[in-house]
Amino acid sequence: MTILISRVFAAAALVVCIPLSNVHADVSLVDATPTSSTASEAVGDLVVSGGFTRAMLPSAKVAGGYLTIVNQGPTADRLISVSSPAAGRVELHEMAMEGEVMRMRALEEGLAIAAGETIALAPGGKHLMFFDVAEPFEEGASVAVTLTFEHAGSVEAVLAVLSPGATQAEQK
């Protein structure tokens, strides 16, 4: 069972981290109006910016999401959950080397953000993982997410859907 689960996570990691090409899909749960990837949202002392995801293959059911969180306050906080109408569930994940093997794991305790710290969720590292995506994300669209923090509360952010090979949000 452990080997099967490892293979499933490895396949999901490949979808999240490896650039894809020729992606076209009809998106219904995703806003087709592109938004600036440099837009930022604030809740309490936290600022969320640079959100993006990548266009998906038509049959894909998982995707990664990326953004930056800055804690401008004097106390730590923790990202404890993420949700989106575009996915059945969204989890916080981390890619990390274990010996010579890259592994992806869920961050069950959430993601701590120390006072004054900037956390970048980026390809190949910590990221959002969208599961059971109803309609694959199409380049040029956007995906709404709600981030819930332990102390600051919830904030809605928008992730721009960029090209399959994007590694960072486009500066507009």
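Residues numbered from 1 in each chain as written. Predicted model: local features only at pLDDT ≥ 70, side-chain atom pairs only at ≥ 80, totals over all residues. Heavy atoms only, no water.

### Regarding the pairing of strand β11 (residues 153-162)
The condition that has to hold: Two strands make a pair as long as DSSP finds a minimum of two bridges between them. Going along the chain from the N terminus, every DSSP run of H or I of four or more residues is numbered as a helix, and every run of E of two or more is numbered as a strand.
Across 3 bridges, the pairing between strand β2 (residues 46-54) and β11 is parallel. Across the sheet, the residue bridging to Phe52 is Ala160, located in β11. Bridge count for strand β10 (residues 142-149) against β11 is 8 bridges, and the pairing is antiparallel. Across the sheet, the residue bridging to Val145 is Ala157, located in β11. Between the antiparallel neighbours β10 and β11 lie 3 residues.

### Points about the nonpolar core
Rules: What makes a nonpolar core is a set of buried Ala, Val, Leu, Ile, Met, Phe, Trp, Tyr and Cys residues whose side-chain atoms join them at distances within 4.5 Å. Summary of the burial criterion: residues with accessible area below 20% of their type's maximum are buried, those above 50% are exposed, and those between are partly exposed, where the area comes from a 1.4 Å probe applied to protein chains only. Contacts are assigned to residue pairs with any non-hydrogen atoms lying within 4.5 Å of each other.
Ranked by internal contacts, the top residues of the largest apolar core, which has 33 residues, are Leu79, Leu128, Phe130, Phe137, Leu147 and Phe149. Not counting residues within four places of it along the chain, the set of residues in contact with Leu128 comprises Ala63, Gly64, Gly65, Leu67, Val82, Val90, Glu91, Leu92, Leu121 and Leu159.

### A look at the confidence of the model for the protein
We count it as follows: Per-residue confidence from the predictor is given as pLDDT, running between 0 and 100.
Taken as a whole, the protein shows an average pLDDT of 81; of its residues, 76% reach a score of 70 or greater. The low-confidence segment residues 1-37, where pLDDT is below 50, has 69 contacts with residues more than four positions distant or belonging to other chains.

### Re the side chain of Asp77
Where we set the bar: Counted as positive: Lys and Arg. Counted as negative: Asp and Glu. His and the chain ends are not counted at all. When a carboxyl oxygen of Asp or Glu lies within 4 Å of a side-chain nitrogen of Lys or Arg, that pair is called a salt bridge. Two N or O atoms form a polar contact when they lie within 3.5 Å of each other; inside protein one atom must be a possible hydrogen donor and the other a possible acceptor, and for residues adjacent in sequence the pair counts only when both atoms belong to side chains.
Positionally, Asp77 belongs in strand β4 (residues 77-83). Lacking a salt bridge, the buried Asp77 has Arg78 as its closest oppositely charged neighbour, with an N-O distance of 7.2 Å. In terms of polar contacts, Asp77 uses its side chain to reach the backbone amide nitrogen of Ala152, at 2.9 Å. What Asp77 contacts, discounting residues up to four positions off in sequence, is Leu46, Asn71, Leu111, Ala112, Ile113, Phe149, Glu150, His151 and Ala152.

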